[in-house]
Amino acid sequence: DGNNISINIEEIVKADSKRILPLVEDYIKNKEIADIGCGTGFAGRFMSEWYNSMIIMLDIEDNRNSKNKNFNFLQSTSEKIPLDNESVDVSYIQYVLHHLKINPVILLNEAYRISKSNLILVEECNIENKYSVNKFIDKDIEMNKILHPESSYPIIRFFNDHELDDFIKKSYWIIEKQFTLNNDDYLPVNIYILKK
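Within any chain, residue numbers begin from 1 and follow the written order of that chain's sequence. Predicted model: local features are reported for residues with pLDDT of at least 70 only, side-chain atom pairs are reported and counted for 80 or more only, and whole-chain, interface and lining totals are derived from all residues. Excluding hydrogens and water, the side-chain figures rest on all heavy atoms present in the structure.

K.L.:
I keep staring at the sheet that holds strand β3 (residues 72–75) and nothing clicks. Help me out?
P.N.:
An order of β3-β2-β1-β4-β5-β7-β6 is seen for the seven strands of this open sheet, with the pairing classed as mixed. Because the sheet does not close on itself, it has two edges, and the strands there are β3 and β6 (174–181). Each strand axis lies, on average, 20° off the axis of its neighbour in the sheet, ignoring direction. If DSSP finds at least two bridges between two strands, the strands pair. Note on conventions: DSSP H or I runs of at least 4 residues are helices, E runs of at least 2 residues are strands, and numbering of each starts at the N terminus. As defined by bridge partners, strand β1 (residues 32–36) adjoins strand β2 (residues 54–59) across five bridges and the pair is classed as parallel. What sits directly across from Glu-32, in β2, is Met-54. It only takes one pair of heavy atoms within 4.5 Å for two residues to be counted as in contact. The axes used here are C-alpha line fits, helices contributing only the stretch in contact, and every angle between their N-to-C directions lies in the interval 0 to 180 degrees. Its contacts with the sheet put helix α3 (residues 42–51) on β1, β2 and β4 (88–94), and the angle it makes with β2 is roughly 175°. Of the strands in this sheet, β1, β4 and β5 (115–124) are in contact with helix α4 (residues 104–114), which crosses β5 at around 150°.

Given below as structure tokens:
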């Protein structure tokens, strides 16, 4: 039943957002945000509903859930985001880097260009235990089949802490704060608040 799948996706993203968004509340509340790689659009919707954020959703394809079609959407690539310089307060990139076929620094610098102040970067982090990584990749593939049945978002690779830090150092951004959320069943999630 497609309806039940939709509700399930919404609940999964809501549970995740309840862990992540309070950590970045001061940076997203009442702000205009570019949700880069928005996917189903639920994370952006929760920012809008809970923190009065003004959301622009961007992705390579429009795979938003029907409940999230009322937000502004722009088709975008990782190399070129169709927004003017410093046209949004904050950029938000969640669970995107492991799908990129390009160097993540390119996307981070595009986010820098369009943002007035900050980037919130949320990414699963590779760990040494290969069983955990393979288990998570399998789970992510299954989840993407549900989230985006019409398209494929292949997992290129998960990066470890050092690689993620290195991408940020090679970009224009500076790390202001960092959090790690540990998951029992999945990879830990790194949350970076980056500033200009």
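K.L.:
Whenever I open this one, the side chain of Glu-110 confuses me. Can you help?
P.N.:
Structurally, the position occupied by Glu-110 is in helix α4. Accessibility here uses a 1.4 Å probe with only protein chains present; expressed as a share of the type maximum, an area under 20% marks a residue as buried, one over 50% as exposed, and anything in between as partly exposed. By relative accessible area, which is 9% here, Glu-110 ends up buried. With sequence-adjacent residues up to four places away left out, Glu-110 is seen in contact with Ser-78, Glu-79, Lys-80 and Ile-81.

K.L.:
For this particular structure, what's the right way to read the pattern of salt bridges?
P.N.:
Close approach of charged atoms lets side chains of opposite charge pair. A side-chain nitrogen of Lys or Arg and a carboxyl oxygen of Asp or Glu constitute a salt bridge if their distance falls within 4 Å. Under the criterion given, the structure shown has eleven salt bridges. Here Glu-49 and Arg-45 are joined by a salt bridge, their closest N and O atoms 2.8 Å apart. One end of the pair is Glu-49 and the other is Arg-45, both in helix α3 and four residues apart, which spans about a single turn. The class for Glu-49 is partly exposed, based on a relative accessible area of 48%. The salt bridge partner of Asp-62 is Lys-69, with a shortest N-O separation of 3.4 Å. Sharing partners across several salt bridges, the network here consists of Glu-10, Arg-45, Glu-49 and Lys-67.

Geometric values such as these leave the question of function open.
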